[in-house]
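Summary of structural features
The primary structure of each chain is shown beneath.
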Amino acid sequence: MIGTSFHTFSEHLRQRLQKPLPGEDAHKKMASTARYRLGIKPNERTRRSAVLICFYPYQNSIYLPLILRPQYDGVHAGQMAFPGGRMERIDENLTRTALREAQEEVGIRVSDVKVLGLLTELYIPPSNFYVQPVVGVLPYRPDFYPDPREVEAVVEVDLDTLLDETIVGDSQIDVRGVTVDAPFYQIQGYRVWGATAMMISELLMVID
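Here goes a summary of the coordinates provided. All figures in this text were calculated on a predicted structure; none of them were measured in a lab. (Residues numbered from 1 in each chain as written. Predicted model: local features only at pLDDT ≥ 70, side-chain atom pairs only at ≥ 80, totals over all residues. Heavy atoms only, no water.)

1. As for the packing of aromatic side chains
The following threshold applies: Pairing of aromatic side chains requires ring centres within 6.5 Å, counting the rings of Phe and Tyr and the six-membered ring of Trp. Pairs whose planes differ by under 30 degrees are stacked, by over 60 edge-to-face, and all others tilted. Think of it this way: any DSSP run of H or I at least four residues long counts as a helix, any run of E at least two long counts as a strand, and we number them from the N terminus. Relative accessibility under 20% of the residue-type maximum defines a buried residue, over 50% an exposed one, and the middle range a partly exposed one, all with a 1.4 Å probe and only protein chains included. Sitting over a ring, as applied to charges here, requires NZ of Lys or CZ of Arg to be within 6 Å of the ring centre and within 35 degrees of the ring normal.
Scanning the entire structure with this criterion turns up six aromatic pairs. Consider the rings of Phe 9 and Phe 55, whose centres lie 5.0 Å apart with planes at 75°: the pair is edge-to-face. Of the two residues, Phe 9 sits in helix α1 (residues 6-17) while Phe 55 sits in strand β1 (residues 47-58), which places them 46 residues apart along the sequence. For Phe 9, a relative accessible area of 0% corresponds to the buried category. By relative accessible area, Phe 55 is classed as buried at 0%. The interplanar angle of 70° and the centroid separation of 5.4 Å between the aromatic rings of Tyr 58 and Tyr 63 together place this pair among those described as edge-to-face. Taking relative accessible area as the criterion, Tyr 63 reaches 13% and is therefore assigned buried. Members of the aromatic cluster, each reached through a chain of ring pairs, are Tyr 56, Tyr 58, Tyr 63 and Phe 144. It is Arg 141 that lies over the ring of Tyr 58; its NZ or CZ is 4.1 Å from the centre.

Have a look at this one:
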């Protein structure tokens, strides 16, 4: 998106998010083989969660932050993700969940975030969560204050990098002792796969 003003990009994205979303068609492009082979479905114990996809202008380009989860005894340990987490009783809706979690995890000042719309809600079988991606913009590059309990690193990603098709790969990935074939985005030395890659796939189809 080099040469595109941040305001023009934001307005384009806002308008596109009001139209029908590509949803599962986009998700399938970056889904692992295990997702559809195992056929795990939501159930009465499935919980709701949300993540924030937040764009901001920086160095004459457009960026968004990803986070690296720390190593811990959990299904998403060491993975790349968007800031986010589970819905709490204090949250009036999932948009509020995404904003609150982004503030808690990386210090984004949520009062400055303009929410543009939502992507398609996505079910994550390993953690039994439905996750709602919320798309917003900040008018400036934020100062990040990662919570070390939740975030090992913040990775700022140029939108032009995401739009580069050469970053897409496919590999066998070990998930808690099980090997799955999974597409991924290779970003700054990290492999972004799973639900986060599926969200990025839909986001790029909406933008492009």
